[in-house]
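Chain residues, written in single-letter form:
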Amino acid sequence: MVQSSVLGFPRMGANRELKKATEAYWAGKTTKEELLNEGKRLRLEHWKIQKDAGIDIIPSNDFAFYDQVLSQIQLFGVVPERYTKYNLDPIDEYFAMGRGLQRPADGDKPAVDVPALEMVKWFDSNYHYVKPTLQDNQSFKLDSNPKPVVEFLEAKEAGIITRPVLLGPVSFLHLGKPDRGQSIDPIDALDKLLPLYSDLLKQLKDAGAETVQIDEPILVYDLPEKVKAAFKPAYEKLGSLGSSAPKIVLATYFGDIVHNIDVLENLKSLYAIHIDLVRNPEQLDTVLAALGPNQILSAGVVDGRNIWKTNFQKAIEKVEAAVQKLGKDRVIVASSSSLLHTPHTLKSEKNLDPEIADWFSFASEKTVEIATIAKAVTEGPASVREALEANAKSQQARASSKRTNDQAVKERQQNVTPEQHNRKSEFPVRIAAQQKRLNLPLFPTTTIGSFPQTKEIRIQRNKFTKGEISAAEYEKFIEKEIQDVVKIQEELGLDVFVHGEPERNDMVQYFGERLNGYAFTTNGWVQSYGSRCVRPPIVVGDISRPAPMTVKESKYAASISKKPMKGMLTGPITCLRWSFPRDDVHQSVQAQQLALALRDEVVDLEQGGVYVIQVDEPALREGLPLRKGKERTDYLKWAVDAFRLATAGVEDGTQIHSHFCYSEFQDFFYAIAALDADVLSIENSKSDAKLLKVFVDEAYPRHIGPGVYDIHSPRVPSQQEIHDRIQEMLQYLKPEQLWIDPDCGLKTRQWKETKAALTNMVNAAKAFRAQY
Ligand code: GLN
Ligand code: ZN
């Protein structure tokens, strides 16, 4: 029979109970026991959901209070001395690594002050993991009460035999890094780490685990030879444990493993291989051909990264193709990856239009889908006829819906011309026209868009959303906010103003709410990192702009300010990347639709007298496909095209800005240059100014504003500090190219420090002006 399996389940709970429980614990409002109990309760609840859905192979140890990689860091004792030295309770040490810990001395307990370990994006998802951080002479020690064993037994006690999940040794090390001042290549520690895996596997077997899921997602990357070569000896060693360890299911996801297929050829002793057939269905044949005579294929056909109902017909065809070659007993139907990246359940959504609600499937619903597909293949389609029919009907309805077939949008896309991607003139002509219009001094100062989102702003927005104040009242309030920030900017002596974004809840949601083709959930939370969850908007259909989205506020701001006002938009790639995209049309098509909608907005802003327009694209880099090569160049082509299409509709004298929250462009500088933005503002204050060298090397001709101070901290930089930073930047950038601005928007800051920091920034710019 074909079995069904889930690679991991979201851990927050239907109502983000885990978030609430951890935050209450951090705030000292609850005890450790209460937190641990809540974790236990949630685990049990999530196992039951999967069991009731009919899932044969249910994961355990997919739970974590902060992050599953961090849990493993602690499991193996990869805890730097700066944390262990305080002898904290294990759970506190764990959170200290995840989020830092600062606490005053208490009786005989010394004060604690330690920053968090580095946290970075988990592959190309919006989840973040804590990086294993190794010492040159790193030693490892398995926790005496290993979490995977504890949680396996917990499930067993509840009558559920689970498949524990571990991050594999090669991925665990390769995703890590040497600690500050250390030079170890993490993979060199493999020999020392492997005995812990062996020990752990034996303990799991003794506890009753028949199989274990070992994730090696780095197999979807291009790997250094040394890392690639590490797989064979590592898994031979673990394989040699024979019947004293559970059978190993090696899991990969978020890409294909065809380029590393020789690794797989070397792992024929493993029990099963899991591949992501949602992202890369075409890898099936290659992987089937590489399997050993008894190996099992775990076919990831239900999307763990998106919220769409699975197309049963297509998924079943895929599974059948594998069954044909391997037979039913050697195929498992599975989620493509962990379901961690999807919201808990669709049942919590009460306000969705029934038409589109029928198109969605969240984690709980996906477990039922997986079981249904497995049953269809095992017992034949007749066994689940009703479910198949309902699914086909839903697919059909979505394909033929007005929302996914907006003729006006499609026609407009067909008529897009290459010329629409180009500004009227080259940069030298443009900047002359802009200079004439804007009359800016050397070293112009500006900010990135948002000003502090005060409590008052949130209160008023909430009242408006709840209908407690009228639209007119809310509008008045926003106007007053704009007046205030304009006045403050005048007093500060900034050169290009912004309206401050007081009306915006979120830089993507705000636009999504004003566009056709978007939908929103009330409870569709997905873990981003630690206790932080996001609720991505969903692109449900063809996108168009029924009416101007930002013109009223920007135009008003421009009308009351003496200096040029900068309009503020979120770019097409960021709107797409921070949403759940459609899976029925290519992302380039969705990006182009967003670009066309934004193009109209840009032109309307210009017509409204806003002659500086910033289009933020902080998500451009994170969309980069994981491997170099065609996929990456293709992405950059359509991403750049979308930005250009959005911005090229204006006159030469209108200045286009763009903003990025990083300055590591080395890998794809040509694409950044190809955006053809007149001014780029980038985050740089915490990075090495040397990163700016690429602008010199590539003879970048346009203007750049590398952030001169960090906005993530309330700390006020002195004028001298900013002065020194500008001096450093002038080693790489010409004075006539350089703008002076902070790293990013100021919405998370307080007014007090904002004013102080900007005063120092403006004074530093003035001092340079006097010199040049
Ligand atoms: N304009 C946005 C702001 O200032 C930019 C935010 C971002 O880059 N993430 O808030
Ligand atoms: Zn930013």
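Fair warning: this is a prediction, and the values are worked out from it, not measured in the lab.

For the α-helix, the turn length of 3.6 residues means that residues three or four positions removed from each other point alike. Over its 18 residues, helix H8 (residues 190-207) runs 26 Å from end to end, which matches the ideal 26 Å to within 8%, given 1.5 Å per residue. Looking at H8, one finds that the buried residues are Leu190, Leu193, Leu194, Leu196, Tyr197, Ser198, Leu200, Leu201, Leu204 and Ala207. Glycine 208 sits one or two positions beyond H8 and adopts a positive phi of about 120°.

A few words now on the site of ligand 1. Within the structure, ligand 1 sits among 13 residues, and Ser450, Glu501, Asp616, His659 and Lys747 are positioned closest to it. The side chain of serine 450 places a nitrogen or oxygen atom 2.7 Å from an oxygen atom of ligand 1. Between ligand 1 and the protein, one listed contact pairs an oxygen atom with a side-chain N or O atom of lysine 747 at 2.9 Å. Contact with the protein chains hides 93% of the accessible area of ligand 1, taken as 300 Å² for the molecule alone. For the shell around ligand 1, the residue count by class is 6 nonpolar, 4 polar and 3 charged.

To continue, consider the coordination of the zinc ion (ligand 2). In the first shell of the zinc ion (ligand 2), the protein supplies His659 (NE2), Cys661 (SG) and Cys744 (SG), at 2.0 to 2.3 Å from the metal. In this structure, the zinc ion (ligand 2) is surrounded by 4 donor atoms whose angles at the metal cover 85 to 124°, and the resulting shape is irregular. Counting gaps between the donor residues of the zinc ion (ligand 2) yields the pattern H-x1-C-x82-C. Placement of histidine 659 in strand E22 (residues 655-660) and of cysteine 744 in the loop between helix H27 (719-729) and helix H28 (751-771) is noted, with a sequence separation of 85 residues between them. The two residues histidine 659 and cysteine 744 agree in class, both being buried.

What follows concerns the confidence of the model for the protein chain. Averaged over all residues, the pLDDT of the protein chain is 97; the fraction at 70 or higher stands at 100%. Quick note on the complex model: pTM equals 0.95, ipTM equals 0.99.

Both the distance between ring centres and the angle between the ring planes are used here to describe each pair of aromatic rings. For the structure shown, the criterion picks out 31 aromatic pairs. Centre to centre, the rings of phenylalanine 231 and tyrosine 235 are 6.3 Å apart; their planes meet at 15°, and the pair counts as stacked. Of this pair, phenylalanine 231 and tyrosine 235 both sit in helix H9 (residues 225-239), 4 residues apart, which is roughly one turn of the helix. The exposure class of tyrosine 235 is buried, given its relative accessible area of 1%. A ring pair is formed by tyrosine 510 and phenylalanine 511, whose centres lie 5.7 Å apart and whose planes are at 85°; its orientation type is edge-to-face.

Turning our eyes to something else, we now look at the packing of helix H3 (residues 68-75) against helix H5 (residues 90-99). If you want to describe how two helices pack, look at the angle between their axes and the distance between the axes. At a closest axis distance of 10 Å, the pairing of H3 and H5 adopts a crossing angle of 125°. By the criterion of interaxial angle, the relationship of H3 to H5 is oblique. Note on packing geometry: the crossing formed by H3 with H5 is right-handed. Contacts between H3 and H5 pair Leu70, Ser71, Ile73 and Gln74 from the former with Pro90, Glu93, Tyr94, Met97 and Gly98 from the latter. Class assignment for the residues of the contact of H3 with H5 results in 5 nonpolar, 3 polar and 1 charged.

Let us look at the packing of helix H19 (residues 471-492) against H28. Contact pair H19 / H28: the axes reach a minimum separation of 10 Å and the direction vectors enclose 35°. Crossing geometry of H19 relative to H28 is assigned as right-handed. Residue-level inspection shows Val485, Ile488 and Leu492 of H19 in contact with H28, the latter providing Trp751, Lys755, Leu758, Thr759 and Val762. Classifying every residue of the contact of H19 with H28 by side-chain character gives 6 nonpolar, 1 polar and 1 charged.

Further remarks concern the sheet that holds strand E15 (residues 497-498). If you trace the 6 strands from one edge of the open sheet to the other, you get E15-E20-E21-E22-E23-E24, paired in parallel fashion. At either margin of the open sheet sits one strand with a lone partner, and together these are E15 and strand E24 (703-706). Here 4 bridges tie strand E23 (residues 679-682) to E24, and the two strands are oriented parallel to one another. Directly across from serine 681, in E24, lies its bridge partner glycine 705. Packed on one face of the sheet, helix H23 (residues 587-607) meets strand E20 (565-570), strand E21 (612-616) and E22 and runs near 170° to E20.

Quick look at the nonpolar core now. Among the nonpolar cores identified, the biggest contains 129 residues, and Phe76, Trp122, Phe172, Tyr235 and Leu297 are the most heavily contacted of them. Sort the elements by how many residues they give to this core and H8 lands first, with 9 residues. Residues Tyr474, Phe477, Leu569 and Ala646 belong to the second largest nonpolar core, which totals 94 residues.

What counts as what
- Sequence order sets the numbering: in each chain, residues are counted from 1 along the sequence as written.
- By the order in which they are written, chains take letters starting at A while ligands take numbers starting at 1.
- Totals for whole chains, interfaces and linings use all residues, but because this is a predicted model, local features are given only for residues with pLDDT of at least 70 and pairs of side-chain atoms are given and counted only at 80 or more.
- Remark: hydrogens and water are excluded; side-chain values derive from all non-hydrogen atoms of the structure.
- Under the scheme used here, helices are H or I runs from DSSP no shorter than 4 residues and strands are E runs no shorter than 2 residues, and both carry numbers assigned from the N terminus.
- What a helix should span is 1.5 Å times the count of its residues minus one.
- The classification of residues rests on relative accessible area computed with a 1.4 Å probe and restricted to protein chains. Under 20% of the type maximum is buried, over 50% is exposed, and intermediate values are partly exposed.
- The criterion for a residue being near a molecule or strand is simple. One of its heavy atoms has to lie within 4 Å of it.
- Under the rule applied, a polar contact is a pair of N or O atoms within 3.5 Å (in protein, one hydrogen donor and one hydrogen acceptor; residues adjacent in sequence only if both atoms are side-chain atoms).
- Only the protein chains shown count as cover for residues, with accessible areas throughout obtained via the Shrake-Rupley method and a probe of 1.4 Å.
- Under the scheme applied, nonpolar residues are Ala, Val, Leu, Ile, Met, Phe, Trp, Tyr, Cys and Pro; charged residues are Asp, Glu, Lys and Arg; polar residues are all the others, including Gly.
- Listed donors are limited to N, O and S atoms within 2.8 Å of the metal, widened to 3.2 Å for Na, K and Ca; water is not among them, so incomplete-looking sites are possible.
- Tetrahedral means four donors with every angle between 85 and 135 degrees, whereas square planar (four donors) and octahedral (six donors) require angles over 155 degrees between opposite donors and between 65 and 115 for all others; sites fitting neither are termed irregular.
- The pLDDT score gives, residue by residue, the confidence of the prediction method on a 0 to 100 scale.
- Here is the rule: rings of Phe, Tyr and Trp (six-membered ring for Trp) pair when centre to centre is within 6.5 Å. Planes less than 30 degrees apart are stacked, more than 60 are edge-to-face, and the remainder are tilted.
- Note on definitions: angles span 0 to 180 degrees between N-to-C directions of axes, and those axes are lines fitted to C-alpha atoms, for helices only across the stretch in contact.
- Throughout, the term roughly parallel applies to angles under 35 degrees, roughly antiparallel to angles over 145, roughly perpendicular to angles from 65 to 115, and oblique to all others.
- The hand of a helix crossing depends on one turn: near helix anticlockwise from the far one by less than a right angle means left-handed, and clockwise means right-handed.
- Contacts are residue-level and defined by heavy atoms, with any inter-residue pair within 4.5 Å sufficient.
- Should DSSP find at least two bridges between two strands, the strands are regarded as paired.
- As used here, the term nonpolar core means buried Ala, Val, Leu, Ile, Met, Phe, Trp, Tyr and Cys residues forming a set that is joined through side-chain atoms within 4.5 Å.

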